[in-house]
Each structure stands twice: as C-alpha cells, then as structure tokens.
Amino acid sequence: MYRKGHYGVSLLVFAPIAFVLVAAGRPGTALVIGGAMLWLAMLPDVDHAIPGVPHRGPTHSLAFAALVGVTLGGVGFALDTAAGGSGAGALDFATLLGGLSLAAFGFAVGALAVCAHLLGDALTPAGVNVFWPVSGRTYTLGLWRADSRIANYGLFAAGVFVTGAATYLGAAV
C-alpha cells in the first residue's frame, strides 16, 4: 500500500472514533486524534531507512504497535507531568482531550495508527507478519497489489467520505 492508501485506511479506522467524539460534543478531540493518526500513518515504513531491517519486518507487527503506543504514552505522561496534571492553564491537555489523560491518548493513537497501517498492508498479496517475533506467518487478504492506483486512491476517497459522513452524522445526533 502506498501513502494515499494508508491515509485512507487510517481515516476509515478513525471514522467511528470521529462519530463518537463529535456526537459527544468533542470535535476538537476528534480533530487532534484524526490529525495524529494521519501524521503517524506511514511510521511503520521507517524500515526503508533502517539498514538491516527488512521491509514489512519488525516495524509491521503488533509488537511495534505496542512499542509506539508505549513510547507515545510515555511522552504523554511526561507532558502531563510537566504541565502539572489536568487543570494547568495553557497546557490543559485533559480538557482538550475530553478528560482523557495525555498518556492514554498517546498510547491509543500510537498503537491504533500502526494497526491501521498493518491493515492496509494486509490488503496486499505480500501481507504482514503481525505476530513477529512469536510467529513467522504472514497474513494477507490479497485484494490488490500495493502499487494499485485504483486501490490507493479508492481507499483514500473512501476514507475521506466515510470520515466526513461520520463527522456529519455525529454532529446531527
């Protein structure tokens, strides 16, 4: 899957979250989470830049999703602590995130963004080894090649449409 396809899958995964948050009166939180997921959508492909790490190897696994989640959760915890916890004036992350701690936000968004990337790659014949290092088995749905323009642009368009519809419907509730 290429960049636009991964953005589309991230938006499709995010759409139900957007609906719930907008329906709960938290559109700002939805915007922050959606933006963070798009920003992290290509993170597992960092393996292209790391010598000795095969593409769709360790960075395309649930272990990597957990590592990214824990790392971003730790950063969130540090920011929460530096801001003095919830209610710290200009850095009131708890209010911005609807009461969610920045540590929980960091973990959830980091892990979910990587999982969305894995889902996108699982749609291609090459698949992904989601259970690395426990198993060497590759999982694939084999729906289309990673370089399919139709698939990549179609997923992107579907992601934009579904997220827009979820946001609209959430606001109408």
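Look a little higher up for the structure.
Keep in mind it's a predicted model, so treat the numbers as computed, not measured.

Reading guide: rules and limits
Residues numbered from 1 in each chain as written. Predicted model: local features only at pLDDT ≥ 70, side-chain atom pairs only at ≥ 80, totals over all residues. Heavy atoms only, no water. Salt bridge = Lys/Arg side-chain N within 4 Å of Asp/Glu carboxyl O. Helix = DSSP H or I, 4+ residues; strand = E, 2+ residues; numbered from the N terminus. Buried < 20%, exposed > 50% of the residue type's maximum accessible area, 1.4 Å probe, protein only. Lys, Arg positive; Asp, Glu negative; His and termini not counted. Polar contact = N/O pair within 3.5 Å; in protein donor to acceptor, adjacent residues only side chain to side chain. Contact = heavy atoms within 4.5 Å. Phe/Tyr/Trp six-rings, centres within 6.5 Å; stacked < 30°, edge-to-face > 60°.

Scanning all chains against the criterion turns up two salt bridges. A salt bridge links Arg 56 to Asp 121, with the nearest nitrogen and oxygen atoms 3.2 Å apart. Linking Arg 56 in the loop between helix H2 (27-40) and helix H3 (62-82) with Asp 121 in helix H5 (residues 102-122), this pair joins segments that are 65 residues apart in sequence. What makes Arg 56 buried here is its relative accessible area of 14%. Residues Arg 145 and Asp 147 are paired through a salt bridge, measuring 2.7 Å at the closest nitrogen-oxygen approach. Looking at Arg 145, the relative accessible area reads 56%, which means it is exposed.

Before going further, it helps to examine the side chain of Asp 45. Within the secondary structure, Asp 45 sits in the loop between H2 and H3. For the buried Asp 45, no salt bridge is present, and the opposite-charge side chain at shortest range is Arg 56, 6.1 Å distant. Polar contacts involving the side chain of Asp 45 include one to the side chain of His 60, which spans 3.1 Å. In terms of polar contacts, Asp 45 uses its side chain to reach the side chain of His 117, at 3.3 Å. Residues contacting Asp 45, with those up to four places away along its chain left out, are His 6, His 55, His 60, His 117 and Asp 121.

Below, the discussion takes up the environment of Ala 83. Considering the arrangement of structural elements, one finds Ala 83 in the loop between H3 and helix H4 (93-96). Sequence separation between Ala 83 and Pro 16 is 67 residues; the distance between their C-alpha atoms is 30 Å.

This part takes up the packing of aromatic side chains. Inspection of every chain in the model, using the stated rule, returns one aromatic pair. Taking 5.6 Å as the distance between ring centres and 80 degrees as the angle between the ring planes, the aromatic pair formed by Phe 131 and Tyr 139 counts as edge-to-face. Phe 131 gets classed as partly exposed once you look at its relative accessible area, which sits at 40%. Given a relative accessible area of 28%, Tyr 139 falls into the partly exposed group.

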